[in-house]
Amino acid sequence: MKESMKSWWKSLNQREQLFVGGGSITAIVVLFYLFIWSPFTTHLANTEHYVAYQQNLVSWMKQASQKLQILGGSATKVQKISNSELLSTLDTTIKKQQLASFMNGMQQSDNNTVLVKFKKVPFDYLIAWIDSLWKQYEIKVQRINITPNIQKNGLVAANVYFTL
């Protein structure tokens, strides 16, 4: 094969040899650029951007950590309650949140679960109350059934099962 290439090369006149040689060198340079140089510089630039992004992220996380430590000292402490206090705690918080007028009944179905029934309660008030129960006492919603009031937007009927 080497001999056939040499004979082919020698069969070309000088002008064709310059053209083929220049084209070969140009092709090698273009291939080098496309497959080696460009991917390398692109990867390098991407890595530099990634490092800068990570450094900014670390800086932000340090600031956020400091803010959380400051806020952590003033955060509301969770009050642990026992199963025997669940019913009374729910009753007390319903009265504090002024939801008693919407309540349709409350019953303790077993030692760990209390069912609270509401009729025509504002949905936003209900959700705010449930959220405050979780944040203050870690009282969880075991199950909830919500039915929207067709005549009045924002009002719902709800059966909420709470547990510790």
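Please read these numbers as outputs of a predicted model, since none were measured by experiment.

Draft legend 1. Spatial organisation of the sheet that holds strand β1 (residues 103-108). Within the open sheet, the four strands sit side by side as β1-β2-β4-β3. Their pairing is antiparallel. In this open sheet, the two edge strands, each paired with only one partner strand, are β1 and β3 (140-148). Neighbouring strand axes in the sheet, compared pairwise and without regard to direction, differ in orientation by 10° on average. The pairing of β3 with strand β4 (residues 155-163) spans eight bridges and is antiparallel. The residue bridging Ile146 from the neighbouring strand is Ala158, located in β4. Contacts from helix α3 (residues 83-96) reach β1, β2 (113-122) and β4, with the element oriented near 170° to β1.

Draft legend 2. Representation of the nonpolar core. In this structure, Leu90, Val116, Phe118, Leu126, Trp129, Ile139 and Phe162 are the most contacted members of the largest nonpolar core, which totals 19 residues. Of all elements in the fold, only α3, β2, α4 (123-137) and β4 reach the threshold of two or more residues within this core. If you tally residues by element for this core, the top one is α4, at five residues.

Draft legend 3. Broad picture of the packing of aromatic side chains. Enumeration according to the criterion identifies three aromatic pairs in this entry. Between Trp37 and Phe40 the ring centres are 6.4 Å apart and the planes differ by 45°, which places this aromatic pair in the tilted class. Here Phe40 and Trp37 lie together in helix α2 (residues 14-74), a separation of three residues that amounts to about one turn. The interplanar angle of 75° and the centroid separation of 5.6 Å between the aromatic rings of Phe118 and Trp129 together place this pair among those described as edge-to-face.

Thresholds, definitions, all that
- All residue numbers refer to positions counted from 1 along the written sequence of the respective chain.
- Owing to the predicted nature of the model, reporting of local features is limited to residues with pLDDT of at least 70; listing and counting of side-chain atom pairs is limited to 80 or more, with chain, interface and lining totals taken over all residues.
- Side-chain figures throughout are based on the complete set of non-hydrogen atoms in the structure, without hydrogens or water.
- When DSSP locates at least two bridges between a pair of strands, those strands are taken to pair.
- Going along the chain from the N terminus, every DSSP run of H or I of four or more residues is numbered as a helix, and every run of E of two or more is numbered as a strand.
- Lines fitted to the C-alpha atoms define the axes, with helices restricted to the stretch that makes contact. Angles between their N-to-C directions range from 0 to 180 degrees.
- Residue contacts follow a heavy-atom distance rule, with two residues in contact if any of their heavy atoms lie within 4.5 Å.
- We call a set of buried Ala, Val, Leu, Ile, Met, Phe, Trp, Tyr and Cys residues a nonpolar core when their side-chain atoms join them within 4.5 Å.
- Here's how the labels work: a residue is buried when its accessible area is under 20% of the maximum for its type, exposed when over 50%, partly exposed in between, all with a 1.4 Å probe on protein chains only.
- For this analysis, a ring pair means two rings from Phe, Tyr or Trp (six-membered ring only for Trp) whose centres lie within 6.5 Å, classed as stacked if their planes differ by under 30 degrees, edge-to-face if by over 60, and tilted for the remaining angles.

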